[in-house]
Protein chains: 2
Amino acid sequence: MPPGQRAPVPALERLATYHRHLLDLEQESVVTISSAEMETHTGIPAAQFRKDLSYFGDFGTPGVGYVVTELRAAIDRILHVHEEQCLLLVGAGNLGAALVGYPGLMEQKFRLVAVFDNNYAKIGRQLWNLEIYDVARLKEINSVLQARIGVIAVPRQAAQEAANALVDAGVNALLNFAPATLRVPSHVMVRNVSFVQELAVLSYHVASVASVEQPSDR
Amino acid sequence: MPPGQRAPVPALERLATYHRHLLDLEQESVVTISSAEMETHTGIPAAQFRKDLSYFGDFGTPGVGYVVTELRAAIDRILHVHEEQCLLLVGAGNLGAALVGYPGLMEQKFRLVAVFDNNYAKIGRQLWNLEIYDVARLKEINSVLQARIGVIAVPRQAAQEAANALVDAGVNALLNFAPATLRVPSHVMVRNVSFVQELAVLSYHVASVASVEQPSDR
DNA sequence: TAGATTGTTAATCGATTAACAATC
DNA sequence: TAGATTGTTAATCGATTAACAATC
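No experiment lies behind these values; they were computed from the predicted model shown. (Residues numbered from 1 in each chain as written. Chains lettered and ligands numbered in written order. Predicted model: local features only at pLDDT ≥ 70, side-chain atom pairs only at ≥ 80, totals over all residues. Heavy atoms only, no water.)

To continue, consider the overall build of chain A. Along chain A, the regular secondary structure elements total 9 helices and 9 strands. Dimensions of chain A, computed from C-alpha atoms along their principal axes, come out at roughly 60 × 50 × 35 Å. Across the 218 residues in chain A, those meeting the buried criterion constitute 52%. Element-wise, carbon and sulfur atoms account for 52% of the exposed surface of chain A, whose accessible area totals about 10,300 Å². Looking at chain A, you have 18 positive and 22 negative side-chain charges, and the mean spots of the two groups are 5 Å apart. (Helix = DSSP H or I, 4+ residues; strand = E, 2+ residues; numbered from the N terminus. Buried < 20%, exposed > 50% of the residue type's maximum accessible area, 1.4 Å probe, protein only. Areas by Shrake-Rupley, 256 points an atom, 1.4 Å probe, with all protein chains shown as cover. Lys, Arg positive; Asp, Glu negative; His and termini not counted. Charge placed at Lys NZ, Arg CZ, Asp CG, Glu CD.)

In structure tokens form, the structure reads like this:
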């Protein structure tokens, strides 16, 4: 509760998970829920749920639990997803196209407002309902749009350049799909999404399970 | 070095990062590299690099460093990416199509060998060079293919069912793109890739940077 | 040999888990 | 009031960082 301590990033990630489940519960017209019940839904321990929330305030009632709608709304505000968030996308390839068309984005008030590429064959074309702009115009265009989150969906070699352009345009948060280590100023947060890295971890696991011979658990 | 201790998952994730940079260094014909030099490349502290490797053995030479090619090959074997890994994909939507076409996969010896969907409008069609099969045939088909890693790229509502089908077909590692909490047997490892969750963390950051007023660092 | 750099041990840090007094 | 469940403090756990003896 005392805002002296900063919430750990893992707590923020879990907050997003709680949020998703709370939306489900709202749909099912569940009115209140206890931390123990949340545990059965999310698989995250009740103590951790309460601890995570405690970084931001008091949201529950002892002996009762949490009002689903209120808690969902509170997390909306914490994560700042209660109002529309604009996103810029750099890279109009397969992955970029999949992101623009991804229905989960607008479900959560994220809106892709502009797409950029450096390939002249693509510039000026449409990606779904959005025109593809020259990445050289990023700063100019964002001076109007004022988006603060950028999505990088370009090949590895172009990733740093895309990051530079986005930061220069006033973006201070990057979702990076390229398998590259980005250098950014300290006020910019980067979240990497790397399929290949995830697959490597799974690959390690598969090999180790195979070597132990698959136990017949469950 | 003593294999009594199990490597932490964060160490495995970093191993994949080291691997990527070592491939770059090989391209540039760099012969040896020290942990300090790796730090400048990857941004990961030298001490952590050495510690991470120490879970798996001795790979360097005091006073010299690491032979790039040897270390890359050693990590290949640790992550089990030295031989081709077959992947099954469930979900032939936009995201699935982007994954099949993603060049980074085959660069790293991951090969998507079959695509499944439950939409009869899609079954029998081609996705790039692969035929889309009925998800009901997953077990039958994998009894031949023997893939051990599955990729879930279906809508949230269908994710658990896809996971069940994959596990039933002998898969013990899942890369899940659906924003859902999957229940799986304990021998199955799940890695979640959730754009929206990542965006929520970034959204929190953007809001907090804005509230402090952007410092003029860097 | 002297200089460099490893692998490892010990110290630090931070996050998770457990326990419980406060409170509805 | 009695029962339930919170928010928080303290204990535990695990990962990161620092320091250094071993070694090329």
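One pass over the full model with this rule turns up 14 aromatic pairs over all chains. Pairing Phe177 of chain A with Phe195 of chain A gives two aromatic rings, centres 6.4 Å apart and planes at 65°, and the pair type is edge-to-face. Separated by 18 residues along the polypeptide, Phe177 of chain A in the loop between β8 (173-176) and β9 (189-192) and Phe195 of chain A in helix α9 (residues 195-212) bring together distant segments of the chain. Exposure remark for Phe195 of chain A: the relative accessible area of 3% places this residue in the buried category. Centre to centre, the rings of Phe49 of chain B and Tyr66 of chain B are 5.3 Å apart; their planes meet at 85°, and the pair counts as edge-to-face. Linking Phe49 of chain B in helix α3 (residues 46-54) with Tyr66 of chain B in strand β2 (residues 66-67), this pair joins segments that are 17 residues apart in sequence. The two residues Phe49 of chain B and Tyr66 of chain B agree in class, both being buried. Through successive ring pairs, a cluster of aromatic residues spans Tyr102, Phe177 and Phe195 of chain A together with Tyr102, Phe177 and Phe195 of chain B. (Phe/Tyr/Trp six-rings, centres within 6.5 Å; stacked < 30°, edge-to-face > 60°.)

All names here are of chain B. Contact geometry for helix α2 (residues 35-42) and α3: axes closest at 8 Å, N-to-C directions at 110°. One element, α2, and the other, α3, form an angle in the roughly perpendicular class. Facing Ser35, Ala36, Met38 and Glu39 of α2, the residues of α3 in contact are Ala46, Phe49 and Arg50. Classifying every residue of the contact of α2 with α3 gives 4 nonpolar, 1 polar and 2 charged. (Axes fitted to C-alpha atoms, helices over the stretch in contact; angles between N-to-C directions. Parallel < 35°, antiparallel > 145°, perpendicular 65-115°, else oblique. Contact = heavy atoms within 4.5 Å. Nonpolar A, V, L, I, M, F, W, Y, C, P; charged D, E, K, R; others polar.)

Here we take up the pattern of salt bridges. According to the stated counting rule, one finds 20 salt bridges over all chains in the structure shown. Linking Arg72 of chain A and Glu26 of chain A is a salt bridge whose minimum nitrogen-to-oxygen distance equals 2.7 Å. Linking Arg72 of chain A in helix α4 (residues 68-79) with Glu26 of chain A in helix α1 (residues 9-27), this pair joins segments that are 46 residues apart in sequence. Overall, Arg72 of chain A belongs to the buried group, its relative accessible area being 17%. Accessibility expressed as a relative area gives 22% for Glu26 of chain A, which makes it partly exposed. When salt bridges with common partners are traced through the structure, they connect Glu13 and Arg191 of chain A together with Glu198 of chain B into a single cluster. (Salt bridge = Lys/Arg side-chain N within 4 Å of Asp/Glu carboxyl O.)

Residue and element names in this part refer to chain B. The mixed open sheet is built from 7 strands, whose spatial order is β5-β6-β4-β3-β7-β8-β9. Edge positions in the sheet fall to β5 (126-127) and β9 (189-192), since each of these pairs with one other strand and no more. Relative to strand β7 (residues 149-152), strand β3 (residues 85-90) runs parallel, the two being bridged by 4 bridges. Bridged to Leu87 within β7 is Ile149. Relative to β7, helix α8 (residues 156-168) is tilted by about 165°, and along the sheet it contacts β3, β7 and β8 (173-176). (Pairing = 2+ DSSP bridges.)

A separate point is the protein's contact with DNA strand C. Close to DNA strand C lie 26 residues, the nearest being Ser35, Arg50, Gly60, Gly63 and Tyr66 of chain B. Taken together, the sugar and phosphate atoms account for 70% of what DNA strand C places within 4 Å of the protein. Contact distances for DNA strand C include 3.4 Å between a base oxygen and a backbone N or O atom of Pro62 of chain A. In the model, a phosphate oxygen of DNA strand C is placed 2.6 Å from a nitrogen or oxygen of the Ser35 of chain B side chain. Per-class residue counts for the surface near DNA strand C are 10 nonpolar, 10 polar and 6 charged. (Near = heavy atom within 4 Å. Polar contact = N/O pair within 3.5 Å; in protein donor to acceptor, adjacent residues only side chain to side chain.)

A few words on the sheet that holds β8 of chain A. Residues and elements named next belong to chain A. Read from one edge of the open sheet, 7 strands run β5-β6-β4-β3-β7-β8-β9, paired in mixed fashion. On the outer flanks of this sheet lie β5 (126-127) and β9, each paired with one strand and no other. Note: strand β7 (residues 149-152) against β8, 4 bridges, orientation parallel. Counted as the bridge partner of Val151 is Leu175 from β8. Against the sheet, helix α8 (residues 156-168) engages β3 (85-90), β7 and β8, with an angle of about 165° to β7.

Taken as a whole, chain A is organised into domain 1 (9-79) and domain 2 (85-197). Measuring from the centre of the C-alpha atoms in domain 1 of chain A to the corresponding centre in domain 2 of chain A gives 31 Å. (Domains from an automatic or database assignment.)

All names here are of chain A. For helix α7 (residues 138-145), the set of buried residues is Leu138, Ile141 and Asn142. The buried residues of α7 occupy an angular sector of 95° when projected down its axis, which confines them to one face. The elements touched by buried residues of α7 are β3, β4 (110-117), β6 (130-134) and α8. Positioned one or two residues after α7, Gln146 has a phi angle of 60°, which is positive. (Arc of directions from axis to C-beta.)

We now examine the side chain of Thr17 of chain A. Within the secondary structure layout, Thr17 of chain A lies in helix α1. Classification of Thr17 of chain A as buried rests on a relative accessible area of 9%. A polar atom in the side chain of Thr17 of chain A sits 3.4 Å from the side chain of Gln197 of chain B. Not counting the four nearest positions on each side in its chain, Thr17 of chain A is found in contact with Ile44 of chain A together with Thr181 and Gln197 of chain B.

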